[in-house]
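Inside the fold
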Amino acid sequence: MPTSAKADALLALSRLEVQLTALRLKVMAAAEDAAVDAGARDVAAWLAHESREVPTACRAELHLAVALDARWTRLGTAVADGVVNLAQARVIARALDELPGDLDPALLVQAEKYLVEAAKEYRPDQLRVLGRRILDVIAPEIGEAEEAKQLAREEERAWETASFTLTRRGDGTTRLSGLLPDAAATRLATYLDAFTSPRQQAAPTPQHRARGHAFIALLEHLDPAKLPAHGGDATTVMVTINHDALTRDLAAAGLVGTDDKITAAQARRLACTAQIIPVVLGGKSEILDLGRTRRHFSPAQRKALRLRDQNCRGENCTIRAQWCEAHHWQPWSKSGNTNLADGILLCSHHHHRAHDTRYSTERMPNGDIRFHRRT
């Protein structure tokens, strides 16, 4: 096939696919008797069972089918003609459904006509924005007030449906999933981006991975003293570890109250930056030392480190000081002191490297740290 014929065929097939789906939706809207004969809850449940389709997808199709057949017939005709695709139709139908119930019927007709016509030029995401502000276009005298009401409804619905789940995967990672109101999500993205600086990174990092690392850094920088009381005390994470394991990179550390384990190197790194209380145990599990926040650099010391170091002190790293973490050059577990002479700023990447037993470190004459992969 020549190039032009392929292009024409793709467009024609896309239009035919929409028309075929529109025909299926039209039959679906009138096929409630098929569900009744089979004793199914509705035609969506019956079709999902008979065709082995995903039930939620069939239910969404039924919802759209009823809307196109009973409420938005102009939109239904446009879909049947193949001039409005299914993704556009869903967006338009939802925008029309969300218009005020007491709106003048003539305005409803005008809104439907306008959005169907706009579908000739706009993608579904663009139509979604236009649909939210359709009253500003067709009835500006009432559009602003209705938009305020719509935003209030959306905010209430967003709060009621907000959720957050943590699912252990069994491989050392936990999957986070949930729904947040847009405003909260924007705040979270802003906080996470404060820990990332794409222009300063030596190698490009995908945004999703950079934000994952930033989320970890955000948790490690939270001040437990400012969190709600938890069990009579500010929320605190305690790490238990055997003294020999801590000083010689042996075994693992345990997070109090959970079955989680982390490496000794990770425990030492957390002790540098996060408000973590390390509980050091002797041979018979007696507590040898209960770490205090005096092991952490004070705000004044951190400011002094930023003024002195300016950037991450990892060799050739240009991450700015405000995105770095204070690190003990001589670990506190090996009698290190929390002072400026023993402190150094490292970005999150190099701070992990400093506590990674696979790497050795070398202090350069200018104070930077060079990392070597152990062989």
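In the block above lies the structure referred to throughout.
Residues numbered from 1 in each chain as written. Predicted model: local features only at pLDDT ≥ 70, side-chain atom pairs only at ≥ 80, totals over all residues. Heavy atoms only, no water.

Helix and strand counts for the protein stand at 16 helices and 13 strands. Each of the 375 residues in the protein was classed as buried or not, and the buried ones make up 34%. Within the protein, counting contacts between residues at least 6 apart in sequence, those at least 24 apart form 49% of the total. For the protein, the exposed area adds up to about 23,300 Å²; of that, 55% sits on carbon and sulfur atoms. (Helix = DSSP H or I, 4+ residues; strand = E, 2+ residues; numbered from the N terminus. Buried < 20%, exposed > 50% of the residue type's maximum accessible area, 1.4 Å probe, protein only. Contact = heavy atoms within 4.5 Å. Areas by Shrake-Rupley, 256 points an atom, 1.4 Å probe, with all protein chains shown as cover.)

Moving on, we come to unusual backbone geometry. Unlike most non-glycine residues, arginine 52 shows phi in positive territory, near 60°. Topologically, arginine 52 is positioned in the loop between helix 3 (43–51) and helix 4 (55–71). Judged by relative accessible area, arginine 52 falls into the exposed class, the value being 69%. Its identity is not glycine, yet asparagine 316 carries a phi of approximately 70°, on the positive side. Residue class for asparagine 316 comes out exposed when judged on its relative accessible area of 68%.

Attention now goes to the packing of aromatic side chains. Inspection of every chain in the model, using the stated rule, returns zero aromatic pairs. The aromatic ring of tryptophan 329 is capped on one face by arginine 363, whose charged end is 4.9 Å from the ring centroid. (Phe/Tyr/Trp six-rings, centres within 6.5 Å; stacked < 30°, edge-to-face > 60°. Lys NZ or Arg CZ within 6 Å of the ring centre and 35° of its normal.)

Moving on: the pattern of salt bridges. Scanning all chains against the criterion turns up 15 salt bridges. Between aspartate 356 and arginine 353 there is a salt bridge, with its nearest N and O atoms 3.9 Å apart. For arginine 353, a relative accessible area of 22% puts it in the partly exposed group. (Salt bridge = Lys/Arg side-chain N within 4 Å of Asp/Glu carboxyl O.)

A cluster of nonpolar residues, Leu20, Leu23 and Val27, forms a patch on the protein surface that exposes about 310 Å² of accessible area. When you line up the elements, leucine 23 lands in helix 1 (residues 3–29). (Patch = residues over 30% accessible without salt bridge, like charges linked within 9 Å, V, L, I, M, F, W, Y side chains within 5 Å.)

This next bit is on the side chain of glutamate 325. Note that glutamate 325 resides in strand 10 (residues 324–328). Classification of glutamate 325 by relative accessible area gives buried; the value is 2%. A polar contact of 2.6 Å, which involves the side chain of glutamate 325, links it to the side chain of histidine 351. (Polar contact = N/O pair within 3.5 Å; in protein donor to acceptor, adjacent residues only side chain to side chain.)

The subject of this paragraph is the environment of threonine 167. By the element assignment, threonine 167 lies in strand 1 (residues 163–168). What makes threonine 167 partly exposed here is its relative accessible area of 43%. When the C-alpha positions of threonine 167 and serine 177 are compared, they lie 8.3 Å apart, and in sequence the two are ten residues distant. The contact partners of threonine 167, leaving out residues within four places of it in the chain, are Thr173, Thr174 and Arg175.

A separate point is the pairing of strand 13 (residues 369–373). Inspection of the sheet shows strand 12 (residues 359–363) paired to strand 13 by five bridges, in the antiparallel sense. Looking across to strand 13, one finds that glutamate 362 is bridged to arginine 370. From the end of strand 12 to the start of strand 13, which pair antiparallel, there are five residues, and glycine 367 there has a positive phi angle of about 95°. (Pairing = 2+ DSSP bridges.)

Time to look at the environment of serine 14. Mapping serine 14 onto the fold places it in helix 1. Each C-alpha atom, one on serine 14 and one on asparagine 85, is 8.7 Å from the other, the two residues being 71 residues apart in sequence. Separated by 2.9 Å, the side chain of serine 14 and the backbone oxygen of leucine 10 make a polar contact.

Structurally, histidine 327 is set in strand 10. Owing to a relative accessible area of 5%, histidine 327 belongs among the buried residues under this scheme.

Now for the packing of helix 5 (residues 73–80) against helix 7 (residues 105–118). One can describe the packing of helix 5 onto helix 7 by two numbers: an axis separation of 9 Å at closest approach and a directional angle of 20°. On the basis of their axis angle, the class for helix 5 and helix 7 is roughly parallel. Crossing hand, helix 5 versus helix 7: right-handed. The residues of helix 7 that touch helix 5, namely those facing Thr73, Arg74, Leu75 and Ala78, are Val109, Glu112, Lys113 and Val116. Counted by class, the contact of helix 5 with helix 7 contains four nonpolar, one polar and three charged residues. (Axes fitted to C-alpha atoms, helices over the stretch in contact; angles between N-to-C directions. Parallel < 35°, antiparallel > 145°, perpendicular 65-115°, else oblique. Left-handed = near helix turned anticlockwise from the far one by under 90°. Nonpolar A, V, L, I, M, F, W, Y, C, P; charged D, E, K, R; others polar.)

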